[in-house]
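Per-entry structural report
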Amino acid sequence: MDKYLKKASQIISENIYMTISTASTDGKPWISPVFFVYDKNYNLYWYSNKKARHSKLIEENPQAAIVIFDSSAPEGKGDGVYFEANVTELRNETDIKEAMKLFNKRITEDEFKINKVGEVTKDGVWRIYKAVPYEVSKLTEGEFIDGQYVDKRVELDLKELQKI
């Protein structure tokens, strides 16, 4: 299990984009790739236009499925980490400032940095979202069934992942 936890940590740290899947309360799905950062507890953060479809869906239904994977991996070598999470829009100034620090450490282009809390509150176009995972899994070695390769996943213990 240790090797899966280490590989999951590596995948998360080496990638800057994740794909979030949201859905309306009646089940209509939507997916969006977003730039992300994370904290020591593997809570995932991103900012998006408050009027984006996924942002509106989060208001309606705060559950999301998320995957982080290396899209440049060659055929048959892909690997990914999957999350099921509760999502909230950050509204508390202290929480927003902590998230801003995470973003501004990772963002290299000035035009994408958040400089003031007002850019992600009130009349600002962006909002910061936080996904708190309650289930984490990653791809593992698949198997051949009737001549067809089938992916497999292993569930990861989030508390153990947080120790890495």
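Further up the page is the structure itself.
Summary of the structure given here.

Some details on a negative patch on the surface
Judged by side-chain charge, Glu-84, Glu-135, Glu-155 and Asp-157 come together as a negatively charged surface patch. The residue Glu-155 is located in strand 8 (residues 148–156) in this model. Relative accessible area serves as the criterion here: at 52%, Glu-155 is assigned to the exposed category.

What about the pairing of strand 6 (residues 80–89)?
Regular strands place side chains that alternate from one sheet face to the opposite one. For strand 5 (residues 63–69) and strand 6, the ladder comprises 7 bridges, and the chain directions are antiparallel. Directly across from Val-67, in strand 6, lies its bridge partner Tyr-82. Sheet topology places strand 6 next to strand 7 (residues 126–145); 9 bridges connect them, and they run antiparallel. Pairing of Val-81 across the sheet is with Lys-138, part of strand 7.

Details of helix 2 (residues 53–60)
Burial in helix 2 covers these residues: His-54, Ser-55, Leu-57 and Ile-58. Viewed end-on, helix 2 has its buried residues packed into an arc of 160°, placing them on one side of the element. Packing partners of the buried residues in helix 2 comprise strand 1 (17–23), strand 2 (29–35), strand 4 (44–49), strand 6 and strand 7.

A closer look at the environment of Lys-122
In this structure, Lys-122 sits in the loop between helix 3 (93–106) and strand 7. For Lys-122 and Arg-91, which are 31 residues apart along the polypeptide, the C-alpha to C-alpha distance reads 9.6 Å.

Brief notes about the packing of aromatic side chains
Scanning the entire structure with this criterion turns up 7 aromatic pairs. Look at Tyr-38 and Tyr-42: their rings are 5.5 Å apart centre to centre, the planes differ by 5°, and that puts the pair in the stacked class. Judged by its relative accessible area of 24%, Tyr-38 falls in the partly exposed class. Residue class for Tyr-42 comes out buried when judged on its relative accessible area of 4%. Grouping aromatic residues by their ring pairs yields a cluster made of Phe-36, Tyr-38 and Tyr-42. Over the ring of Tyr-82 we find Arg-153, and its NZ or CZ is 3.7 Å from the ring centre.

Quick notes on the nonpolar core
Of all hydrophobic cores here, the largest spans 27 residues; its most connected members are Met-18, Leu-44, Trp-46, Ile-66, Ile-68 and Phe-83. Elements represented by at least two residues in this core include exactly helix 1 (2–14), strand 1, strand 4, strand 5, strand 6, strand 7, strand 8 and helix 4 (158–162). Examining the composition of this core, we find that 5 residues originate from one element, helix 1, more than from any other.

Examining the side chain of His-54
Secondary-structure assignment places His-54 in helix 2. Of note is the side chain of His-54, whose polar atom sits 3.0 Å from the side chain of Ser-32.

A short note on the pattern of salt bridges
A complete count under the given rule lists 9 salt bridges for this structure. Between Lys-6 and Asp-2 there is a salt bridge, and its shortest N-O distance comes to 3.5 Å. Taken together, the residues Lys-6 and Asp-2, both in helix 1 and 4 residues apart, mark about one turn of the helix. We classify Asp-2 as partly exposed; its relative accessible area is 46%. Among the salt bridges present, the one from Glu-141 reaches Lys-3, with a minimum N-O distance of 3.6 Å. Of the two residues, Glu-141 sits in strand 7 while Lys-3 sits in helix 1, which places them 138 residues apart along the sequence. Lys-3 gets classed as exposed once you look at its relative accessible area, which sits at 53%.

Rules behind the numbers
Within each chain, residues carry numbers counting from 1 in the order of the written sequence. Per-residue local features are limited, in this predicted model, to residues with pLDDT of at least 70; the limit for side-chain atom pairs, both in listing and counting, is 80 or more; totals at the level of whole chains, interfaces and linings are taken over all residues. Water and hydrogen atoms play no part in the side-chain values, which are based on all heavy atoms of the structure. Patch membership requires more than 30% relative accessible area and the absence of a salt bridge. Residues of like charge join within 9 Å; the nonpolar side chains Val, Leu, Ile, Met, Phe, Trp and Tyr join within 5 Å. For accessible areas, the Shrake-Rupley method is used with a probe of radius 1.4 Å. Any residue's cover is judged against the shown protein chains and nothing else. For this analysis, a salt bridge means a side-chain nitrogen from Lys or Arg found within 4 Å of a carboxyl oxygen belonging to Asp or Glu. Counted as positive: Lys and Arg. Counted as negative: Asp and Glu. His and the chain ends are not counted at all. For the purpose of locating charges, the reference atoms are NZ of Lys, CZ of Arg, CG of Asp and CD of Glu. Put simply, DSSP marks the helices as runs of H or I at least four residues long and the strands as runs of E at least two long, and each gets a number from the N terminus on. Buried means the residue's accessible area, taken with a 1.4 Å probe over protein chains only, is under 20% of the maximum for its type, while exposed means over 50%, and partly exposed covers the values in between. Here, any two strands with at least 2 DSSP bridges between them count as paired. Picture the helix axis, draw a direction to every C-beta atom, and the arc is the one those directions span. In what follows, a contact means two residues having at least one pair of non-hydrogen atoms within 4.5 Å. Pairing of aromatic rings covers Phe, Tyr and Trp, the last through its six-membered ring, and needs centres within 6.5 Å; plane angles under 30 degrees mean stacked, over 60 mean edge-to-face, and all others mean tilted. The rule for a charge over a ring is simple: NZ of Lys or CZ of Arg within 6 Å of the ring centre, and within 35 degrees of the ring normal. Among buried residues, the Ala, Val, Leu, Ile, Met, Phe, Trp, Tyr and Cys ones that are joined through side-chain atoms within 4.5 Å form a nonpolar core. For this analysis, a polar contact is any N or O atom pair within 3.5 Å, provided that within protein one partner can donate a hydrogen and the other can accept it, and provided that sequence-adjacent residues contribute only side-chain to side-chain pairs.

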